Amino acid sequence: MKYNKLVRDKIPEHIKSKGGEAIFHVADDSEYWQKLKEKLEEETKEFNAAESIEEMADVFEVITAILEKMNWNIDQVIEVQKKKREEKGAFKKKIILDES
């Protein structure tokens, strides 16, 4: 079966332990960045379908990898989040904009 997608680090070992053969390569920086963005979309779709904490953990794993790739840390993201929340609010009021 062909995949051509980013997988967690231990997946090749897991496949081998089940008697399979994992054919893989290590991405260069450009391919890795592209595959991270694709993985974020994939995991978000899976979360939308399942609405489970396990799928949210997968989304967060990809976000963590993106933070590392961009040399950002969670504190920086939270600081930007706070500023945006102060300027524009959060999503607590459940406002749906129908027209503008």
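Data block above holds the structure.
Residues numbered from 1 in each chain as written. Predicted model: local features only at pLDDT ≥ 70, side-chain atom pairs only at ≥ 80, totals over all residues. Heavy atoms only, no water.

Visitor: Tell me about helix α3 (residues 53-69), and name the residues and values.
Guide: Between its terminal C-alpha atoms α3 stretches 24 Å, which fits the 24 Å expected from 17 residues at 1.5 Å a residue. Restricting attention to buried positions, one finds in α3 the residues E55, V59, V62, A65, I66 and L67. Tucked into the core, α3 has its buried residues touching α2 (29-50) and α4 (74-88). Positive phi appears at N71, one or two residues downstream of α3, with a value of about 60 degrees. (Helix = DSSP H or I, 4+ residues; strand = E, 2+ residues; numbered from the N terminus. Expected span 1.5 Å × (residues − 1). Buried < 20%, exposed > 50% of the residue type's maximum accessible area, 1.4 Å probe, protein only. Contact = heavy atoms within 4.5 Å.)

Visitor: How would you explain unusual backbone geometry if you had to name every residue and give the values?
Guide: Glycine aside, negative phi is the norm for most residues, and most peptide bonds take the trans geometry. Unlike most non-glycine residues, N4 shows phi in positive territory, near 50 degrees. Secondary-structure assignment places N4 in the segment before α1 (11-17). Since its relative accessible area comes to 57%, N4 is described here as exposed. The backbone of N71 shows a phi angle near 60 degrees, a positive value even though the residue is not glycine. Since its relative accessible area comes to 67%, N71 is described here as exposed.

Visitor: Before we move on, can you summarise a negative patch on the surface with the specific residues and values?
Guide: Together, D75, E79, E86 and E87 make up a region of like negative charge exposed at the surface. You can see E86 is positioned in helix α4. A residue is classified by how much of its surface remains accessible, and E86, at 69% relative accessible area, is exposed. (Patch = residues over 30% accessible without salt bridge, like charges linked within 9 Å, V, L, I, M, F, W, Y side chains within 5 Å. Areas by Shrake-Rupley, 256 points an atom, 1.4 Å probe, with all protein chains shown as cover. Salt bridge = Lys/Arg side-chain N within 4 Å of Asp/Glu carboxyl O. Lys, Arg positive; Asp, Glu negative; His and termini not counted. Charge placed at Lys NZ, Arg CZ, Asp CG, Glu CD.)

Visitor: Go over the packing of α2 against α3, please, and point to the residues and values.
Guide: Geometrically, a packed helix pair is captured by the angle between its two axes and the distance between the axes. The interhelical angle for the contact between α2 and α3, taken along N-to-C directions, is 160 degrees, at an axis separation of 8 Å. The orientation of α2 with respect to α3, classified from their angle, is roughly antiparallel. In this structure, the crossing between α2 and α3 has a hand that is left-handed. Residue-level contacts link D29, Y32, W33, L36, K39, L40, E43, T44, E46, F47 and A50 of α2 to E55, M56, D58, V59, V62, I63, A65, I66 and K69 of α3. Residues that form the contact of α2 with α3 fall into these classes: 12 nonpolar, one polar and seven charged. (Axes fitted to C-alpha atoms, helices over the stretch in contact; angles between N-to-C directions. Parallel < 35°, antiparallel > 145°, perpendicular 65-115°, else oblique. Left-handed = near helix turned anticlockwise from the far one by under 90°. Nonpolar A, V, L, I, M, F, W, Y, C, P; charged D, E, K, R; others polar.)

Visitor: Let's hear about the layout of surface pockets: which residues, and what values?
Guide: Empty space among the atoms becomes apparent when a probe as large as a water molecule is rolled across them. The calculated volume of the largest pocket comes to roughly 1300 Å³. Contributing to the lining of the largest pocket are 32 residues, with K5, L6, V7, R8 and P12 lying nearest its centre. Taken together, the elements giving at least two residues each to the lining of the largest pocket come down to α1, α2 and α3. Broken down by element, the lining of the largest pocket gets its largest block of residues, seven residues, from α2. (1 Å grid on protein atoms, 1.4 Å probe; cavity = no way out; pocket = protein on both sides within 12 Å on 5 of 7 lines; lining within 4 Å. Points joined across faces, edges and corners; volume = space filled by probe spheres on them.)

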